[in-house]
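# Residue-level structural notes
Spelled out, the chains give:
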Amino acid sequence: MKTVVTLVVFLLAASIINGRSLRSETLECESVYKTMEHCLPYVTGIADRPLPVCCDGMHRLRDILLTHEEMVKTCECLKAKASALRHLKESNLRSLPMDCGFQLHQPISLDMDCNKLFNIDRDE
């Protein structure tokens, strides 16, 4: 069960945090999880495709992750969360970025090295 998650963008999608900015001096894992929670039905195989709110969350994260350090921290948060999922469907996790209109420069996997993340294309 050790494979798929560029998690910078796994749970890289979902609910917009009402009245609260996800971006702060310290990007908190709990805020990242809340932003991506609507992707859970897809990455666990319950849904056939990501919900629009899942992809919205991914786009929101993409827009606020400006530095490599922020991307690495978010990736590590999401890897930890994904590793704890009991019914992770790795093929859905792998395809999540593309299904939400992202092009990543590294495949998503649970064993990926978050320190080697490249920038996420921002022209979608």
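This one's a predicted model, so the numbers in the text were calculated from it and none came from an experiment. (Residues numbered from 1 in each chain as written. Predicted model: local features only at pLDDT ≥ 70, side-chain atom pairs only at ≥ 80, totals over all residues. Heavy atoms only, no water.)

Turning to helix α5 (residues 90-99), a few remarks are in order. Along α5, the residues that are buried comprise E90, N92, L93, S95, L96 and P97. Residues of α5 that are buried make contact with α2 (40-43) and α3 (52-64). (Buried < 20%, exposed > 50% of the residue type's maximum accessible area, 1.4 Å probe, protein only. Helix = DSSP H or I, 4+ residues; strand = E, 2+ residues; numbered from the N terminus. Contact = heavy atoms within 4.5 Å.)

This part is about the state of the cysteines. This model, assessed by the stated rule, comprises 4 disulfides. A disulfide bridge connects C29 with C77, and the sulfur atoms are separated by 1.8 Å. Handedness here is read from the sign of the S-S torsion; for C29 and C77, about -65°, the answer is left-handed. Of this pair, C29 sits in helix α1 (residues 29-36) while C77 is found in helix α4 (residues 68-83), placing the two residues 48 residues apart along the sequence. By relative accessible area, which is 26% here, C29 ends up partly exposed. In this model, C39 is linked to C54 through a disulfide, with the two sulfur atoms separated by 1.9 Å. Judged by the sign of its S-S torsion, about 100°, the bond between C39 and C54 is right-handed. With C39 in the loop between α1 and α2 and C54 in helix α3, the pair connects residues that are 15 residues apart, well separated along the chain. (Disulfide = S-S within 2.5 Å.)

Another aspect to go through is the packing of α1 against α3. Between α1 and α3, the least distance of the axes is 8 Å, while the angle of their chain directions is 140°. Mapping the contact onto sequence places V32, T35 and M36 in α1 and G57, M58 and L61 in α3. In the contact of α1 with α3, the residues fall into 4 nonpolar, 2 polar and no charged. (Axes fitted to C-alpha atoms, helices over the stretch in contact; angles between N-to-C directions. Nonpolar A, V, L, I, M, F, W, Y, C, P; charged D, E, K, R; others polar.)

Further remarks concern the confidence of the model for the protein chain. Looking at the protein chain, the pLDDT average stands at 76 and 73% of residues meet or exceed 70. The spread of mean pLDDT over the elements of the protein chain runs between α4, the lowest at 89, and α2, the highest at 95. (pLDDT = per-residue confidence, 0-100.)

Attention now goes to the pattern of salt bridges. Evaluation of the coordinates by the stated rule reveals 1 salt bridge. Between R62 and D63 there is a salt bridge, with the nearest N and O atoms lying 3.0 Å from each other. For R62, a relative accessible area of 5% gives the class buried. (Salt bridge = Lys/Arg side-chain N within 4 Å of Asp/Glu carboxyl O.)

Okay, the nonpolar core next. Counting 29 residues, the largest nonpolar core has M36, V43, M58, L61, L88, L96 and C100 as the members making the most contacts within it. Per-element tally for this core: the top contributor is α4, with 6 residues. (Core = buried A, V, L, I, M, F, W, Y, C linked by side-chain atoms within 4.5 Å.)

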